[in-house]
Amino acid sequence: MTTRSYNLYRYSIPVDSQLILRNRFLKRREGLLVRIQCKDSEGWGEIAPLPEFSEETLEMAEKQTALWLKKWDEARANNEKLSLDGLYPSVAFGLSCALAELKGTLGEQGNYQVAPLCYGDPDELYEPLNKMQGEKVAKIKVGMYEANRDGLIADMLLEAIPDLHLRLDANRSWTPAKAAMFAKYVKPEHRSRIQFLEEPCKTRDESRQFAQETGIAIAWDESVREADFVVQAEPNVAAIVIKPTLVGSLQKCVDLIEQAHACGMKAVISSSIESSLGLTQLARIAQQYTPNVTAGLDTLNLMEHQILRAWQGSDLPVIDLNSELIEEVALN
Ligand SMILES: [Mg+2]
């Protein structure tokens, strides 16, 4: 009989005080790290429900994970495979990564080229953009200030950097009138360098209408996680954004990626502000399943520490299991 073992850890690390999720300031990022072992192999996963976005809380995720691990251990006696169906998205994702590492099905190599994220001050973009190799692509959060200001900034950047491509994210914050106001300030000759604008309006139909009227391509993000969503080719829809912590198991994410590719759309792997452990796994998933697409993983610098594994090129301090910011969860 093969022996299995597992450990569960809870981490809590400080984050940049400017980080706002929907209507709340996030002061610390908290989550779980799971380690599973079987014979000589081990696998790690991160389970970190994102406040304001995940349906499950950290406590709910912790309970469910503990129960699954117990069953997983028991399943070895019958050589059973334990399913991830019905688990919360963050739990299914973290456990599926740990299983993939255990089985060696997740490649080691990661895609660490990310689209630098700008929360408002466009001057912050010049340095990271100058360092980028290949495709120059940046992401700007829009919809937090005046729509005409957002339009002016996007247009100015596209004007100033002729090989720049932009991804914009409005998080469904605009009325059709505000979205039109944004577009009014982006010169028609610059619009094709907007790779996509994520979810400009409150409804999918309003967003489709905006894309049709302006010629600015859009992408689905929030929609991807809605029950009635189906991946399909549509005019002006360039991509779907996949945030695995909010979507579910690696297999579910891979299914979505394959459906998007079959429709001629990009699939963009994106972060839910995981620690460096989860983030480096997302970079490996991106490398393996969405090669040649810059992932949306520029969130590490919101944190003060990395956990266990270092992001390529980052000099943020890495903490290990001895840190007081990580605590083992007692399991029975
Ligand atoms: Mg988005």
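Going by the structure above, here's the rest.
Just so it is clear, the model here is predicted, and its values are computed rather than measured.

1. Some thoughts on the overall build of the protein chain
At step 1: Summing up its helical and strand segments, the protein chain has nine helices and 15 strands in all.
At step 2: Relative to the globule expectation of 20 Å for 332 residues, the C-alpha radius of gyration of the protein chain, 20 Å, shows essentially globular dimensions.
At step 3: C-alpha extents for the protein chain along the principal axes are approximately 65 × 40 × 35 Å.
At step 4: Put simply, the protein chain has 332 residues, and 55% of those count as buried.
At step 5: Looking at the protein chain alone, contacts between residues at least 24 apart form 66% of all its contacts between residues at least 6 apart.
At step 6: Of the roughly 15500 Å² that the protein chain leaves accessible, carbon and sulfur atoms contribute 47%.
At step 7: Distance between charge centroids for the protein chain: 2 Å, based on 36 positive and 48 negative side chains.

2. Here we look at the coordination of the magnesium ion
At step 1: Within the protein, the atoms that donate to the magnesium ion are D169 (OD), E198 (OE) and D221 (OD), at distances of 2.1 to 2.3 Å.
At step 2: Counting residues between consecutive donors of the magnesium ion along the chain gives the motif D-x28-E-x22-D. Of this pair, D169 sits in strand β8 (residues 164-169) while D221 sits in the loop between β10 (218-220) and β11 (237-242); the two residues are 52 residues apart in sequence, bridging distant segments of the chain. When sorted by exposure, D169 lands in the same class as D221, which is buried.

3. Side note on the sheet that holds strand β5 (residues 41-47)
At step 1: Strand order in the open sheet formed by four strands is β5-β4-β1-β15, and the pairing between neighbours is antiparallel. Unpaired on one side and paired on the other, β5 and β15 (326-328) mark the two borders of the sheet. Adjacent strand axes in the sheet meet at a mean angle of 25° when their direction is disregarded.
At step 2: Sheet topology places strand β1 (residues 4-14) next to strand β4 (residues 28-38); 11 bridges connect them, and they run antiparallel. Bridge pairing in β4 links S5 to Q37.
At step 3: Relative to the sheet, helix α2 (residues 89-103) contacts β4 and β5, its axis offset from that of β5 by approximately 160°.

4. Describing the nonpolar core
At step 1: I140, L168, F182, L197, I240 and I242 are the most contacted members of the largest nonpolar core, which totals 63 residues.
At step 2: The greatest single-element share of this core, amounting to six residues, is contributed by helix α8 (residues 250-262).
At step 3: Setting aside anything within four residues of it in sequence, one finds I242 in contact with V247, C253, L256, I257, A267, V268, I269 and S270.
At step 4: The next biggest cluster of nonpolar side chains, apart from the first, holds 21 residues, and it includes I36, A61, L69 and L99.

5. Section: the packing of helix α5 (residues 176-184) against helix α6 (residues 204-214)
Relative placement of two packed helices is described by the angle separating their axes and the distance separating the axes.
At step 1: Two numbers describe how α5 lies on α6: the axes approach to 10 Å, and their chain directions differ by 30°. Between α5 and α6, the angle is such that the two are roughly parallel. As α5 runs across α6, the sense of the crossing is right-handed. Counting all contacts with α5, which are made through P176, A179, F182 and A183, the residues of α6 involved are E206, F210 and T214.

6. Regarding helix α1 (residues 58-75)
Because each turn of an α-helix spans 3.6 residues, side chains separated by three or four positions end up pointing in the same direction.
At step 1: Taking 1.5 Å per residue, 18 residues should reach 26 Å; α1 reaches 25 Å between its end C-alpha atoms and fits that length.
At step 2: Buried residues of α1: L58, A61, E62, Q64, T65, W68, L69, W72, D73 and A75, and no others.
At step 3: Packed against the buried residues of α1 are β1, β4, β5 and α2.

7. Describing the side chain of T294
At step 1: Mapped onto the elements of the fold, T294 is located in the loop between α9 (276-289) and β13 (306-307).
At step 2: For T294, a relative accessible area of 6% puts it in the buried group.
At step 3: Side-chain polar atoms of T294 contact the side chain of E135, separated by 2.8 Å.
At step 4: With sequence-adjacent residues up to four places away left out, T294 is seen in contact with Q113, V114, A115, E135, V137, R167 and V268.

8. Let's talk about the packing of aromatic side chains
At step 1: A full pass over the atoms with the stated rule returns four aromatic pairs.
At step 2: Aromatic side chains W68 and W72 sit 6.3 Å apart centroid to centroid with 15° between the ring planes, which places their arrangement in the stacked category. In this pair, W68 and W72 both sit in helix α1, four residues apart, roughly one turn of the helix. For the residue pair W68 and W72, the accessibility class agrees, reading buried in each case.

9. A word on the pattern of salt bridges
At step 1: Tallying each qualifying case throughout the model produces 21 salt bridges.
At step 2: In this structure, E42 and R35 form a salt bridge, with 3.7 Å as the shortest nitrogen-oxygen distance.
At step 3: Under the relative-accessibility criterion, E42 is labelled partly exposed at 34%.
At step 4: Among the salt bridges present, the one from E108 reaches R284, with a minimum N-O distance of 3.9 Å. With E108 in the loop between α2 and β6 (117-118) and R284 in helix α9, this pair connects stretches of sequence that are 176 residues apart.
At step 5: On the basis of relative accessibility, which here comes to 6%, the residue R284 falls in the buried class.

Calculation criteria
- Residues numbered from 1 in each chain as written.
- Predicted model: local features only at pLDDT ≥ 70, side-chain atom pairs only at ≥ 80, totals over all residues.
- Heavy atoms only, no water.
- Helix = DSSP H or I, 4+ residues; strand = E, 2+ residues; numbered from the N terminus.
- Rg over C-alpha atoms; globule rule 2.2 N^0.38 Å.
- Buried < 20%, exposed > 50% of the residue type's maximum accessible area, 1.4 Å probe, protein only.
- Contact = heavy atoms within 4.5 Å.
- Areas by Shrake-Rupley, 256 points an atom, 1.4 Å probe, with all protein chains shown as cover.
- Lys, Arg positive; Asp, Glu negative; His and termini not counted.
- Charge placed at Lys NZ, Arg CZ, Asp CG, Glu CD.
- Donors = N, O, S within 2.8 Å, 3.2 Å for Na, K, Ca; no water.
- Pairing = 2+ DSSP bridges.
- Axes fitted to C-alpha atoms, helices over the stretch in contact; angles between N-to-C directions.
- Core = buried A, V, L, I, M, F, W, Y, C linked by side-chain atoms within 4.5 Å.
- Parallel < 35°, antiparallel > 145°, perpendicular 65-115°, else oblique.
- Left-handed = near helix turned anticlockwise from the far one by under 90°.
- Expected span 1.5 Å × (residues − 1).
- Polar contact = N/O pair within 3.5 Å; in protein donor to acceptor, adjacent residues only side chain to side chain.
- Phe/Tyr/Trp six-rings, centres within 6.5 Å; stacked < 30°, edge-to-face > 60°.
- Salt bridge = Lys/Arg side-chain N within 4 Å of Asp/Glu carboxyl O.

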